Amino acid sequence: MLSVLRQLPNISSVGAASVAEAIQIIHVEPPDIAVLDIRLPDGNGLDVLHALTQVCRPACIILASAHVDEFHSTLERELQGIPNIHILHKPIRRDELLNLVRNSTASQLYGDSPFTASENLQLACMGRHSVRIECRDGDGVVGEIVVENGELWSARDAEGDGEDAFRRLIVSEAPHVTCHTISSVPPDERNIASNWQHLLLDAARIADEQAANSPDPHTAARVQSVATKMGSGMISLEEFEEFDRERFDRHMKAGAEAVLSSDLQQAYREFVRAESIHPGDPRVQSSLEQLRELGYS
């Protein structure tokens, strides 16, 4: 597999013949991409995987083996909640491996986003981007929301997937949110078909109900804050049609692209231009408020 990976430009690769050697490499130079065999002389690829996820968050992890079926139940249990992981059966086709790695290296992974999960979702949908929004707490990934070409595609968390997972992730407002751009999503991974605006409004309603029913004032205040942010950040489709949608959409898309590339000053400029076209737009105001809090003007 190393000989195949070395055919790719701008990628340096190093091999390990054992669990111990692989873990040593991980600690010295954490990889962006990891290709792991399940069976190794002094253990298995899951031992390496556990060490890997404690040190870094690769853009792509590939588990490869001729014994995938034998380890099926173990893999299903051990891989739960680990993002960006793929299982390939040996023998692996050269084009399959190359395409998977190319798609992963084409993705851009950034640190914590200055925006919440709901705000990232709106930026991606308005800009018609394909992104993976990861929600994390101090213990790791809580779940993920995927947008494909501006359409809400899927959501998953530890409790399940689909619309229920989406609502949980949006309402929970995880303290750490990261946003990856992705090249494509397999059609069979889709588990949400509803309109993203309707689901956000539904999540805001649920947050309102939770705030009203919570006996803990701190929890109630936090959840109410989430509901307020989501409610103030929404705009009806009818209202959206009443102004120069093309120009507004162009600047919103450019602002979203700037956020995804971490050029927050340019993002601020684009959102200001969008604000001039449709003053008072709640999504623009929310984005500008977040950027001003970070010192951009």
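Residues numbered from 1 in each chain as written. Predicted model: local features only at pLDDT ≥ 70, side-chain atom pairs only at ≥ 80, totals over all residues. Heavy atoms only, no water.

## Digging into the overall build of the chain
On a plain count of helices and strands, the chain comes out with 13 helices and ten strands. Sorting the 297 residues of the chain into buried and exposed places 44% on the buried side. Long-range pairs, those at least 24 residues apart, make up 67% of the contacts in the chain with a sequence separation of at least 6. For the chain, the accessible area works out to roughly 15,000 Å², and carbon and sulfur atoms hold 48% of it. (Helix = DSSP H or I, 4+ residues; strand = E, 2+ residues; numbered from the N terminus. Buried < 20%, exposed > 50% of the residue type's maximum accessible area, 1.4 Å probe, protein only. Contact = heavy atoms within 4.5 Å. Areas by Shrake-Rupley, 256 points an atom, 1.4 Å probe, with all protein chains shown as cover.)

## Focus: the side chain of Ser118
Structurally, Ser118 is set in helix 6 (residues 117-126). Residue classification places Ser118 among the buried residues on the basis of a relative accessible area of 8%. Among the polar contacts listed, one links the side chain of Ser118 to the side chain of Thr116, at a separation of 3.1 Å. (Polar contact = N/O pair within 3.5 Å; in protein donor to acceptor, adjacent residues only side chain to side chain.)

## Section: the packing of helix 11 (residues 245-260) against helix 12 (residues 264-277)
In a pair of packed helices, the angle between the axes and the distance between the axes together describe the arrangement. Viewed as axis vectors pointing N to C, helix 11 and helix 12 meet at an angle of 165°, and their least axial separation amounts to 8 Å. Considering the angle they form, helix 11 stands roughly antiparallel to helix 12. Seen along the crossing, helix 11 lies across helix 12 with a hand that is left-handed. When helix 11 is examined against helix 12, the residues Arg247, Phe248, His251, Met252, Ala254, Gly255, Ala256, Ala258 and Val259 are found in contact with a partner set consisting of Leu264, Gln266, Ala267, Glu270, Phe271, Arg273, Ala274 and Ile277. Of the residues in the contact of helix 11 with helix 12, the class split is eleven nonpolar, three polar and three charged. (Axes fitted to C-alpha atoms, helices over the stretch in contact; angles between N-to-C directions. Parallel < 35°, antiparallel > 145°, perpendicular 65-115°, else oblique. Left-handed = near helix turned anticlockwise from the far one by under 90°. Nonpolar A, V, L, I, M, F, W, Y, C, P; charged D, E, K, R; others polar.)

## Quick notes on the nonpolar core
Leu121, Ile133, Ile145, Leu152, Phe166 and Phe271 are the most contacted members of the largest nonpolar core, which has 43 residues in total. Other than its neighbours up to four places away in sequence, Phe271 contacts Leu123, Met252, Gly255, Ala256, Val259, Val284, Ser287, Leu288 and Leu291. Ranked by size, the runner-up nonpolar core spans 18 residues in total, among them Leu36, Val48, Leu49 and Ile61. (Core = buried A, V, L, I, M, F, W, Y, C linked by side-chain atoms within 4.5 Å.)

## Quick look at the side chain of Asp157
Among the secondary structure elements, Asp157 is positioned in strand 8 (residues 151-157). Here the side chain of Asp157 touches Glu159 through a polar contact of 3.0 Å, landing on its backbone nitrogen. Polar side-chain contacts of Asp157 include one of 2.7 Å to the side chain of Arg168. When sequence neighbours within four positions are dropped, the list of residues in contact with Asp157 reads Val142, Gly143, Ala165, Arg168 and Leu169.

## Structural notes on helix 2 (residues 19-28)
Listing the buried residues of helix 2 in full gives Val19, Ala22 and Ile26. Burial along helix 2 is one-sided: seen end-on, the buried residues are contained in an arc of 65°. Structural note: helix 2 exposes Ala20, Gln24, His27 and Val28 on the side pointing more than 90 degrees away from its buried face. Those residues of helix 2 that are buried are in contact with strand 2 (39-40), strand 3 (43-44) and helix 3 (45-55). (Arc of directions from axis to C-beta.)

## A short note on unusual backbone geometry
The omega angle of the peptide bond from Lys90 to Pro91 is 0°, so this bond is cis rather than trans. Looking at where Pro91 falls in the secondary structure, it is placed in the loop between strand 5 (85-89) and helix 5 (94-106). The backbone phi angle of Asn149 is positive, close to 50°, even though this residue is not glycine. For Asn149, the location among the structural elements is in the loop between strand 7 (140-148) and strand 8.

## A look at the pairing of strand 1 (residues 33-37)
The alternating pattern of strand 1 places Ala34 and Leu36 on a buried face, while none of Ile33, Val35 and Asp37, on the opposite face, is buried. In the sheet, strand 1 pairs with strand 4 (residues 60-65) via five bridges, with the strands oriented parallel. Bridging from a neighbouring strand, Ile33 pairs with Cys60 of strand 4. (Pairing = 2+ DSSP bridges.)

## Some thoughts on helix 3
Burial in helix 3 covers these residues: Gly45, Leu46, Val48, Leu49, Ala51 and Leu52. Put simply, Asn44 is the residue that caps the front of helix 3, since its side-chain oxygen is 2.8 Å from the backbone nitrogen of Leu46.

## As for the sheet that holds strand 1
The parallel open sheet is built from three strands, whose spatial order is 1-4-5. In this open sheet, the two edge strands, each paired with only one partner strand, are strand 1 and strand 5. Neighbour-to-neighbour, the strand axes of this sheet turn through a mean angle of 20°, independent of strand direction. Along the sheet, helix 3 contacts strand 1, strand 4 and strand 5; its crossing angle with strand 1, the most-contacted strand, is approximately 155°.

Worth remembering: the numbers are spatial, not functional.
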